[in-house]
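A structural walkthrough
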Amino acid sequence: MLPIQKKLREIFDYLQVRQRWVLCYFSLLAIINACTIRHCLDFSLNRIVRESRALSKVEPIRNPLKVKGTSKSSRKIEGTLPRQTRQKAGRDVLKSNRRQMEQKLLQTSIITTSNSSDVWTKQVQVLVTVSFYAGYLLTHIPGGRLAERYGGKWILGASILFSAILTLLTPTIVRNGGPGALMVLRLLIGFCEGPTFPAVSALLAQWVPENERGLLCGCVLSGGEIGITFVHLVNGMALQDEDWAVAFYVVGGGAMLWFVGFVLVCYSKPDASPYIQNSERDYIKSQVSATLVTAGEVDETANEAAPWSNMLMNAPIWALIAANMQHDWNEQEMAQELQKLLQELQTKGSTLWKELESSLKVTAPHLWSWMASLTSGQLCDYLIAKGIMSRTQTRQLMSWLVFVSISMCLVYNKEDGARVWSVLAFGAYYAGIKVLPLDMSPNFAGTLMGISNGLGSLPGLLLPLLQQLESEYAIVGSIRAALWLICAGYISGDVQSYNRMPIRQAGTG
């Protein structure tokens with residue numbers, strides 16, 4: 001144990017800090033970091049394109065010491081001026097050209113043939129945006145399996161760390177490589193960030209007691225709402241500095257600091273933590289799912305492969321996938337509202353603080369959604385603990401609330417009343433649907449989250465096409481509401497049959 005860890009242990013013991021709360025706190029920060037890294041470019045892309053177009057309008061000075069007339073009329077006027085006046089004018093033009101040349105030299109490393117305004121077309125901007133999700137989809141399931149087998153700590157830590165490093169490199173890549181290099185970079189960031197949610201789920205399955213699952217897991221998994229708000233504020237404050245790169249340095253630097261704290265304090269399982277007190281360790285072991293198998297109980301001679309066929313033939317998991325798709329679609333659209341606000345502020349030459357009322361109007365629903373998830377999560381835990389409703393009935397209740405809220409949101413059609421219903425929908429979603437992988441299979445919570453959240457992020461990859469379909473065909477909105485209805489009927493909070501794992505028999509090994 002490092003000296004700083006010994007000091008931390010003394011502090012935790014003195015303050016009687018519950019380590020499951022510490023784990024949930026850092027997991028919440030991990031989700032916030034992942035969300036800010038994901039959306040940072042989305043909020044900055046318009047400014048990147050505007051900068052490239054503005055800089056590309058300035059023609060490079062090939063020979064600043066040679067001043068040529070621009071037209072016959074200018075030479076004619078020049079000839080009518082006294083010689084002394086012409087010499088003075090020539091010196092002034094020469095000084096001006098020299099100043100322009102010095103400014104251009106500073107910009108030469110930024111303007112290249114690969115990132116000039118000609119290549120930043122609308123189609124290219126769309127490809128840059130969706131390239132993240134192409135990589136994001138690929139590593140969800142592998143990340144979940146690795147977290148289950150080797151512990152979620154280092155999978156989650158590596159996911160955020162490498163994403164942060166690549167985020168810090170983004171300004172340099174943009175200014176020297178252009179959109180092509182940026183697409184590759186965003187693909188790699190998505191590839192690194194993919195294991196985040198599965199690894200968090202694997203950690204929560206080990207640390208969070210069943211009777212606290214709604215509150216703690218709902219609080220953690222809804223952290224993206226805080227992340228979207230934070231990245232909006234960071235990019236809004238960067239408007240004053242006239243440098244979009246500031247947002248990437250803040251987001252990437254914050255994620256690096258999180259990594260340091262996370263690896264010092266958090267562990268994959270309670271048994272591995274040197275900070276946890278025996279009473280809390282015993283409490284967690286007695287309150288986590290009775291079907292959760294710890295590493296020491298698994299029969300290592302048996303086949304540890306995930307039961308893929310049983311999972312994919314399971315109706316509740318497909319209901320979960322459909323619900324995640326619907327949620328991500330709605331979340332993407334709400335994030336675009338924040339992006340449009342920043343674009344409007346930039347066009348008007350205003351700042352976030354001057355338009356504080358407008359900013360709060362679009363950011364408040366995200367913060368309220370996170371707070372609503374705490375309330376609905378606590379309500380779920382209360383209903384289950386008191387035996388008023390079963391776990392499945394409670395999750396279905398939240399799903400029905402999501403369906404009703406989404407339906408009312410469509411009725412109000414993005415008016416002020418729609419925001420209230422969207423808050424209720426998102427709050428119920430995190431406590432009733434997002435936590436289902438931990439309910440359905442504690443032993444394969446990472447894999448289930450990888451399947452559901454990975455496929456659920458498809459709307460991010462196909463968003464331009466989906467938005468076009470929704471604008472052309474009004475029935476698309478009705479289909480979305482109907483899908484929520486189907487999800488509410490088929491989801492289950494019961495432990496599924498594929499959760500079973502081979503147990504080591506007593507006296508063996």
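Residues numbered from 1 in each chain as written. Predicted model: local features only at pLDDT ≥ 70, side-chain atom pairs only at ≥ 80, totals over all residues. Heavy atoms only, no water.

**A look at the overall build of the protein chain**
Helix and strand counts for the protein chain come out as 21 helices and zero strands. Going through the 509 residues of the protein chain one by one, you find that 51% of them count as buried. Counting contacts in the protein chain only where the partners sit at least 6 residues apart, residues at least 24 apart contribute 87% of the total. Accessible surface, the protein chain: about 24,100 Å² in total, of which carbon and sulfur atoms supply 61%. (Helix = DSSP H or I, 4+ residues; strand = E, 2+ residues; numbered from the N terminus. Buried < 20%, exposed > 50% of the residue type's maximum accessible area, 1.4 Å probe, protein only. Contact = heavy atoms within 4.5 Å. Areas by Shrake-Rupley, 256 points an atom, 1.4 Å probe, with all protein chains shown as cover.)

**Regarding helix H8 (residues 196-207)**
The terminal C-alpha atoms of H8 lie 17 Å apart, and with 12 residues this matches the ideal 16 Å at 1.5 Å per residue to within 8%. With respect to burial, H8 is a largely interior element, 12 of its 12 residues being buried. What H8 keeps buried is the set Thr196, Phe197, Pro198, Ala199, Val200, Ser201, Ala202, Leu203, Leu204, Ala205, Gln206 and Trp207. (Expected span 1.5 Å × (residues − 1).)

**Quick word on helix H12 (residues 278-287)**
Those residues of H12 that fall on the buried side of the exposure criterion are Glu280, Arg281 and Ile284. Axial view of H12: buried residues confined to an arc of 100°, hence all on one face. Seen from the buried face of H12, the exposed residues on the opposite side, beyond 90 degrees, are Asn278, Ser279 and Ser286. (Arc of directions from axis to C-beta.)

**Overview of the packing of aromatic side chains**
In this description, a pair of aromatic rings is defined by centroid distance and the angle of the planes. Scanning the entire structure with this criterion turns up nine aromatic pairs. Taking 5.2 Å as the distance between ring centres and 85° as the angle between the ring planes, the aromatic pair formed by Phe132 and Tyr133 counts as edge-to-face. Of the two residues, Phe132 and Tyr133, neither departs from the other in class, the shared state being buried. Here the aromatic rings of Trp258 and Phe262 are separated by 4.6 Å at their centres, their planes lie at 15°, and the arrangement is stacked. Of this pair, Trp258 and Phe262 both sit in helix H11 (residues 245-265), four residues apart, which is roughly one turn of that helix. Both residues of the pair, Trp258 and Phe262, belong to the buried class. Among the aromatic residues, those joined into a ring-pair cluster are Phe12, Tyr267 and Tyr275. In this structure, Lys153 packs its charged tip against the face of Tyr267, placed 4.1 Å from the ring centre. Looking at Lys434, its charged tip hangs above the ring of Phe197, at a distance of 4.8 Å from the centre. (Phe/Tyr/Trp six-rings, centres within 6.5 Å; stacked < 30°, edge-to-face > 60°. Lys NZ or Arg CZ within 6 Å of the ring centre and 35° of its normal.)

**A short note on the pattern of salt bridges**
Using the criterion set out here, one finds 10 salt bridges in the structure. One salt bridge in this structure joins Glu10 and Lys7, with 4.0 Å as the shortest N-O distance. With Glu10 and Lys7 both in helix H1 (residues 3-15), this residue pair falls three residues apart, about one helical turn. A salt bridge links Glu193 to Arg38, with the nearest nitrogen and oxygen atoms 3.8 Å apart. (Salt bridge = Lys/Arg side-chain N within 4 Å of Asp/Glu carboxyl O.)

**What to know about unusual backbone geometry**
A positive phi is found at Gln16, a non-glycine position, where the angle reads about 55°. Note that Gln16 resides in the loop between H1 and helix H2 (19-56).

**Notes on the confidence of the model for the protein chain**
In this model, the protein chain carries a mean pLDDT of 81, and residues with pLDDT of at least 70 account for 77%. With pLDDT under 50 throughout, residues 59-81 is counted as low confidence; its partners more than four residues away or in other chains account for 17 contacts. Note that residues 104-111 has pLDDT below 50 and, in this model, 14 contacts with residues that lie over four places away or in other chains. (pLDDT = per-residue confidence, 0-100.)

**Points about the packing of H8 against helix H9 (residues 213-221)**
Taken N-terminus to C-terminus, the directions of H8 and H9 make an angle of 160°; their axes are 11 Å apart at the nearest point. Judged by the angle between their axes, H8 and H9 are roughly antiparallel. Between H8 and H9 lies a crossing of right-handed hand. Listed contacts from H9 to Phe197, Val200 and Leu204 of H8 are Cys217, Val220 and Leu221. Split into classes, the residues belonging to the contact of H8 with H9 amount to six nonpolar, no polar and no charged. (Axes fitted to C-alpha atoms, helices over the stretch in contact; angles between N-to-C directions. Parallel < 35°, antiparallel > 145°, perpendicular 65-115°, else oblique. Left-handed = near helix turned anticlockwise from the far one by under 90°. Nonpolar A, V, L, I, M, F, W, Y, C, P; charged D, E, K, R; others polar.)

**Quick notes on the nonpolar core**
Formed by 83 residues in total, the largest nonpolar core has its most connected members in Trp120, Leu156, Leu204, Trp258 and Phe262. Ranked by the residues each element gives to this core, the list is headed by H2, at 17 residues. Every residue in contact with Leu156, bar those within four places of it in the chain, is listed here: Ala30, Thr196, Ala199, Val200, Leu203, Trp258 and Phe262. (Core = buried A, V, L, I, M, F, W, Y, C linked by side-chain atoms within 4.5 Å.)

**Quick word on the environment of Phe230**
Residue position: Phe230 is located in helix H10 (residues 223-241). Owing to a relative accessible area of 38%, Phe230 belongs among the partly exposed residues under this scheme. Each C-alpha atom of the pair Phe230 and Asn33 lies 9.5 Å from the other, and the pair is 197 residues apart in sequence. When near neighbours in sequence (up to four residues on either side) are disregarded, Phe230 contacts Thr36 and Val250.

**So, a nonpolar patch on the surface**
Among the surface-exposed residues, Leu462, Leu465, Leu469, Tyr473, Ile475, Ile479, Leu483, Ile486 and Tyr490 lie close enough to one another that they form a single nonpolar patch of about 850 Å² accessible area. Elements supplying a minimum of two residues to the nonpolar patch: helix H20 (458-472) and helix H21 (475-490). Looking at which element gives the most residues to the nonpolar patch, the answer is H21, with five residues. Relative accessible area serves as the criterion here: at 47%, Tyr473 is assigned to the partly exposed category. (Patch = residues over 30% accessible without salt bridge, like charges linked within 9 Å, V, L, I, M, F, W, Y side chains within 5 Å.)

**Things to note about the environment of Ser399**
Within the fold, Ser399 resides in helix H16 (residues 391-412). Residue classification places Ser399 among the buried positions, given a relative accessible area of 1%. Spatially, the C-alpha atoms of Ser399 and Gly489 are 8.4 Å apart, while their sequence positions differ by 90 residues. Ignoring any residue separated from it by four or fewer positions in sequence, one finds Ser399 in contact with Ile433, Ala488 and Ile491.

**A few points about the side chain of Thr36**
Topologically, Thr36 is positioned in helix H2. Setting aside chain neighbours within four positions, we find Thr36 in contact with Gly227, Phe230, Val231 and Val251.

**Considering the environment of Ile406**
As for its placement among the helices and strands, Ile406 is situated in helix H16. Ile406 sits in the buried class, given a relative accessible area of 11%. Once the C-alpha coordinates of Ile406 and Ser422 are considered, the two residues, 16 residues apart in sequence, prove to be 6.6 Å apart. Setting aside anything within four residues of it in sequence, one finds Ile406 in contact with Asn330, Ala425 and Trp484.

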